[in-house]
Amino acid sequence: MLEAPPRPARRSDEERDVGSLLRSVSGVRWGELRDATGAAAGGIPPLLSRIAYGDEDTARIAIDELGDAVCALGFVVSEATAPTVPFLLELAGSPQVACKAELLGLLGSIIRTDQWHSAAASTQNRKHDASYRQQTGWEAAARAAVYAGRSVIEGVASSIRPEEATPARKLLQVMDDTPPFPEL
(Lines give C-alpha, C1' and ligand atoms only; values in the text may rest on other atoms or scores of the structure.)
Protein backbone atom coordinates (compact mmCIF):
# COMPACT_ATOMS: atom_id res chain seq x y z
CA MET A 1 0.00 0.00 0.00
CA LEU A 2 1.32 3.42 -0.97
CA GLU A 3 1.55 6.03 1.68
CA ALA A 4 0.51 9.57 1.00
CA PRO A 5 3.40 12.00 0.86
CA PRO A 6 3.82 13.99 4.05
CA ARG A 7 2.07 17.31 4.12
CA PRO A 8 4.24 20.36 4.45
CA ALA A 9 4.08 21.81 7.91
CA ARG A 10 1.81 24.81 8.28
CA ARG A 11 3.75 27.99 8.61
CA SER A 12 2.85 30.58 11.18
CA ASP A 13 1.86 34.08 10.08
CA GLU A 14 5.23 35.36 11.28
CA GLU A 15 7.10 32.74 9.22
CA ARG A 16 5.03 33.66 6.15
CA ASP A 17 5.82 37.34 6.75
CA VAL A 18 9.55 36.61 6.89
CA GLY A 19 9.37 34.80 3.55
CA SER A 20 7.46 37.62 1.95
CA LEU A 21 9.64 40.47 3.19
CA LEU A 22 11.18 42.47 0.38
CA ARG A 23 9.53 40.25 -2.22
CA SER A 24 9.10 43.15 -4.67
CA VAL A 25 12.64 44.54 -4.29
CA SER A 26 13.67 42.80 -7.51
CA GLY A 27 11.02 44.76 -9.40
CA VAL A 28 13.03 47.98 -9.06
CA ARG A 29 15.69 48.70 -11.67
CA TRP A 30 18.35 49.52 -9.11
CA GLY A 31 21.18 49.45 -11.64
CA GLU A 32 19.60 52.36 -13.51
CA LEU A 33 19.39 54.54 -10.40
CA ARG A 34 22.07 56.50 -8.59
CA ASP A 35 22.33 56.67 -4.85
CA ALA A 36 23.18 59.76 -2.81
CA THR A 37 26.90 59.12 -3.21
CA GLY A 38 26.56 59.11 -7.00
CA ALA A 39 27.19 55.36 -7.25
CA ALA A 40 24.85 52.89 -8.93
CA ALA A 41 22.12 51.91 -6.49
CA GLY A 42 22.67 48.17 -6.95
CA GLY A 43 24.05 47.94 -3.42
CA ILE A 44 20.71 48.89 -1.87
CA PRO A 45 18.93 45.48 -2.11
CA PRO A 46 21.68 43.62 -0.22
CA LEU A 47 21.55 46.27 2.52
CA LEU A 48 17.76 45.89 2.77
CA SER A 49 18.21 42.12 3.00
CA ARG A 50 20.76 42.47 5.80
CA ILE A 51 18.28 44.63 7.70
CA ALA A 52 15.47 42.14 7.14
CA TYR A 53 17.32 38.94 7.94
CA GLY A 54 20.43 39.89 9.90
CA ASP A 55 20.89 40.00 13.63
CA GLU A 56 20.61 43.32 15.44
CA ASP A 57 24.24 44.34 14.95
CA THR A 58 24.16 43.43 11.25
CA ALA A 59 20.90 45.34 10.80
CA ARG A 60 22.23 48.41 12.58
CA ILE A 61 25.34 48.55 10.38
CA ALA A 62 23.23 48.01 7.24
CA ILE A 63 20.87 50.84 8.23
CA ASP A 64 23.84 53.14 8.69
CA GLU A 65 25.24 52.21 5.27
CA LEU A 66 21.80 52.51 3.69
CA GLY A 67 21.42 55.97 5.24
CA ASP A 68 24.59 57.03 3.42
CA ALA A 69 23.15 55.68 0.16
CA VAL A 70 19.66 57.21 0.34
CA CYS A 71 20.08 60.25 2.58
CA ALA A 72 23.75 61.20 2.60
CA LEU A 73 24.87 63.30 5.54
CA GLY A 74 21.28 63.07 6.79
CA PHE A 75 20.01 65.68 4.33
CA VAL A 76 20.85 64.82 0.70
CA VAL A 77 18.53 62.43 -1.15
CA SER A 78 18.92 60.93 -4.59
CA GLU A 79 16.86 59.32 -7.30
CA ALA A 80 17.15 55.99 -5.44
CA THR A 81 15.62 57.35 -2.23
CA ALA A 82 11.92 57.30 -3.14
CA PRO A 83 12.05 53.72 -4.50
CA THR A 84 13.78 52.63 -1.27
CA VAL A 85 11.23 54.19 1.12
CA PRO A 86 8.47 51.57 0.67
CA PHE A 87 10.97 48.88 1.68
CA LEU A 88 12.04 50.89 4.74
CA LEU A 89 8.38 51.14 5.68
CA GLU A 90 7.86 47.42 5.08
CA LEU A 91 10.80 46.63 7.36
CA ALA A 92 9.67 49.09 10.04
CA GLY A 93 6.23 47.51 10.06
CA SER A 94 7.49 43.93 10.23
CA PRO A 95 7.33 42.40 13.72
CA GLN A 96 10.59 40.45 13.46
CA VAL A 97 12.86 43.20 12.12
CA ALA A 98 15.32 44.69 14.61
CA CYS A 99 16.34 48.32 14.89
CA LYS A 100 12.98 49.95 14.21
CA ALA A 101 14.10 53.16 15.92
CA GLU A 102 16.97 53.48 13.45
CA LEU A 103 14.68 52.78 10.47
CA LEU A 104 12.22 55.40 11.71
CA GLY A 105 15.10 57.84 12.24
CA LEU A 106 16.19 57.37 8.63
CA LEU A 107 12.63 57.99 7.45
CA GLY A 108 12.60 61.14 9.59
CA SER A 109 15.79 62.36 7.92
CA ILE A 110 14.22 61.76 4.52
CA ILE A 111 11.09 63.73 5.49
CA ARG A 112 13.14 66.69 6.71
CA THR A 113 15.35 66.83 3.63
CA ASP A 114 15.10 70.09 1.73
CA GLN A 115 18.68 70.62 0.54
CA TRP A 116 17.80 70.75 -3.16
CA HIS A 117 14.71 72.89 -2.64
CA SER A 118 16.73 75.36 -0.55
CA ALA A 119 19.45 75.52 -3.21
CA ALA A 120 16.88 76.01 -5.98
CA ALA A 121 15.08 78.73 -4.02
CA SER A 122 18.35 80.60 -3.46
CA THR A 123 19.10 80.60 -7.20
CA GLN A 124 15.59 81.37 -8.38
CA ASN A 125 15.44 83.70 -11.38
CA ARG A 126 19.06 82.90 -12.18
CA LYS A 127 20.55 80.59 -14.74
CA HIS A 128 21.25 77.74 -12.26
CA ASP A 129 17.61 77.34 -11.20
CA ALA A 130 16.78 74.79 -13.90
CA SER A 131 19.68 72.56 -12.86
CA TYR A 132 17.93 71.75 -9.58
CA ARG A 133 14.60 70.58 -11.04
CA GLN A 134 15.57 66.92 -11.13
CA GLN A 135 16.90 66.96 -7.57
CA THR A 136 13.88 68.81 -6.17
CA GLY A 137 11.77 66.09 -7.77
CA TRP A 138 13.77 63.47 -5.88
CA GLU A 139 13.06 65.27 -2.59
CA ALA A 140 9.37 65.63 -3.32
CA ALA A 141 9.04 61.97 -4.37
CA ALA A 142 10.95 60.73 -1.32
CA ARG A 143 8.83 62.82 1.05
CA ALA A 144 5.62 61.68 -0.67
CA ALA A 145 6.73 58.05 -0.31
CA VAL A 146 7.16 58.48 3.44
CA TYR A 147 3.76 60.17 3.73
CA ALA A 148 2.21 57.29 1.77
CA GLY A 149 3.37 54.95 4.54
CA ARG A 150 1.73 56.88 7.35
CA SER A 151 -0.52 53.95 8.28
CA VAL A 152 2.53 51.73 8.81
CA ILE A 153 4.13 54.34 11.05
CA GLU A 154 0.87 54.74 12.98
CA GLY A 155 0.83 50.97 13.48
CA VAL A 156 4.33 51.04 14.96
CA ALA A 157 3.34 54.05 17.10
CA SER A 158 0.61 51.91 18.68
CA SER A 159 3.10 49.23 19.72
CA ILE A 160 3.26 48.28 23.37
CA ARG A 161 7.06 48.39 23.05
CA PRO A 162 8.18 51.93 23.92
CA GLU A 163 11.48 51.51 22.03
CA GLU A 164 9.37 51.24 18.85
CA ALA A 165 6.36 53.39 19.68
CA THR A 166 8.26 56.47 20.86
CA PRO A 167 10.34 56.98 17.68
CA ALA A 168 7.27 56.28 15.55
CA ARG A 169 5.30 58.96 17.41
CA LYS A 170 8.20 61.38 16.95
CA LEU A 171 8.23 60.64 13.22
CA LEU A 172 4.48 61.26 13.01
CA GLN A 173 5.05 64.61 14.73
CA VAL A 174 7.83 65.48 12.24
CA MET A 175 5.48 64.54 9.40
CA ASP A 176 2.77 66.81 10.81
CA ASP A 177 5.20 69.68 11.42
CA THR A 178 7.04 69.56 8.09
CA PRO A 179 5.65 72.20 5.75
CA PRO A 180 5.09 71.41 2.08
CA PHE A 181 7.84 72.32 -0.34
CA PRO A 182 7.54 75.85 -1.74
CA GLU A 183 6.62 76.44 -5.35
CA LEU A 184 9.76 77.02 -7.38
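Definitions and limits used
Residues numbered from 1 in each chain as written. Predicted model: local features only at pLDDT ≥ 70, side-chain atom pairs only at ≥ 80, totals over all residues. Heavy atoms only, no water. Salt bridge = Lys/Arg side-chain N within 4 Å of Asp/Glu carboxyl O. Axes fitted to C-alpha atoms, helices over the stretch in contact; angles between N-to-C directions. Helix = DSSP H or I, 4+ residues; strand = E, 2+ residues; numbered from the N terminus. Parallel < 35°, antiparallel > 145°, perpendicular 65-115°, else oblique. Contact = heavy atoms within 4.5 Å. Nonpolar A, V, L, I, M, F, W, Y, C, P; charged D, E, K, R; others polar. pLDDT = per-residue confidence, 0-100. Buried < 20%, exposed > 50% of the residue type's maximum accessible area, 1.4 Å probe, protein only. Arc of directions from axis to C-beta. Left-handed = near helix turned anticlockwise from the far one by under 90°.

Some details on the pattern of salt bridges
Consideration 1: Per the stated rule, a full pass over the model turns up eight salt bridges.
Consideration 2: Note that Arg161 is salt-bridged to Glu163, the shortest N-O span being 2.9 Å.
Consideration 3: Beyond isolated ion pairs, a larger network of salt bridges with shared partners links Glu56, Arg60 and Glu102.

Considerations on the packing of helix α3 (residues 56-70) against helix α5 (residues 100-112)
Consideration 1: Remark: α3 packs on α5, axes separated minimally by 10 Å, with the N-to-C direction vectors making an angle of 10 degrees. With respect to α5, the axis of α3 lies roughly parallel. Of the residues in α5, those in contact with Arg60, Ile63, Leu66, Gly67 and Val70 of α3 are Glu102, Leu103, Leu106 and Ile110.
Consideration 2: Residue classes in the contact of α3 with α5 are distributed as six nonpolar, one polar and two charged.

Looking at unusual backbone geometry
Consideration 1: Although it is not a glycine, Leu22 sits at a positive phi angle of roughly 60 degrees.
Consideration 2: The phi dihedral of Cys99 falls on the positive side, at around 65 degrees, and the residue is not glycine.
Consideration 3: Mapped onto the elements of the fold, Cys99 is located in the loop between α4 (81-93) and α5.

Some remarks on the confidence of the model for the chain
Consideration 1: Chain-level pLDDT for the chain is 84 on average; 80% of the residues reach the 70-or-more range.
Consideration 2: Contacts of residues 4-18 to residues separated by more than four positions or lying in other chains number seven contacts, the stretch itself having pLDDT below 50.

Notes on the environment of Ala72
Consideration 1: When you line up the elements, Ala72 lands in the loop between α3 and α4.
Consideration 2: In this structure, the C-alpha to C-alpha distance between Ala72 and Thr37, residues 35 residues apart in sequence, is 6.9 Å.

A look at helix α8 (residues 150-157)
Every α-helix carries 3.6 residues per turn, so stepping three or four residues along brings you back to the same face.
Consideration 1: Among all positions in α8, only Ile153, Val156 and Ala157 are buried. End-on, the buried residues of α8 take up no more than an arc of 105 degrees, which puts them together on one face.
Consideration 2: Here the buried face of α8 lies against α4, α5, α7 (133-148) and α9 (162-177).

Thoughts on the packing of α4 against α5
Consideration 1: Relative orientation of the contacting elements α4 and α5 amounts to 150 degrees, with a least axis distance of 10 Å. On the basis of the axis angle, α4 is roughly antiparallel to α5. Remark: the crossing between α4 and α5 carries left-handed chirality. Residue-level contacts link Thr81, Val85, Leu88, Leu89, Leu91, Ala92 and Gly93 of α4 to Lys100, Leu103, Leu104, Leu106, Leu107 and Ile110 of α5.
Consideration 2: Grouping the constituent residues of the contact of α4 with α5 by class yields 10 nonpolar, two polar and one charged.

Some remarks on the environment of Leu33
Consideration 1: Checked against the element boundaries, Leu33 lands in the loop between α1 (13-20) and α2 (44-53).
Consideration 2: By relative accessible area, Leu33 is classed as buried at 15%.
Consideration 3: Sequence spacing of Leu33 and Glu79 is 46 residues, and the spatial spacing of their C-alpha atoms is 6.2 Å.
Consideration 4: Filtering out sequence-adjacent residues up to four positions away, Leu33 remains in contact with Val28, Ala39, Ala40, Ala41, Glu79, Ala80 and Pro83.

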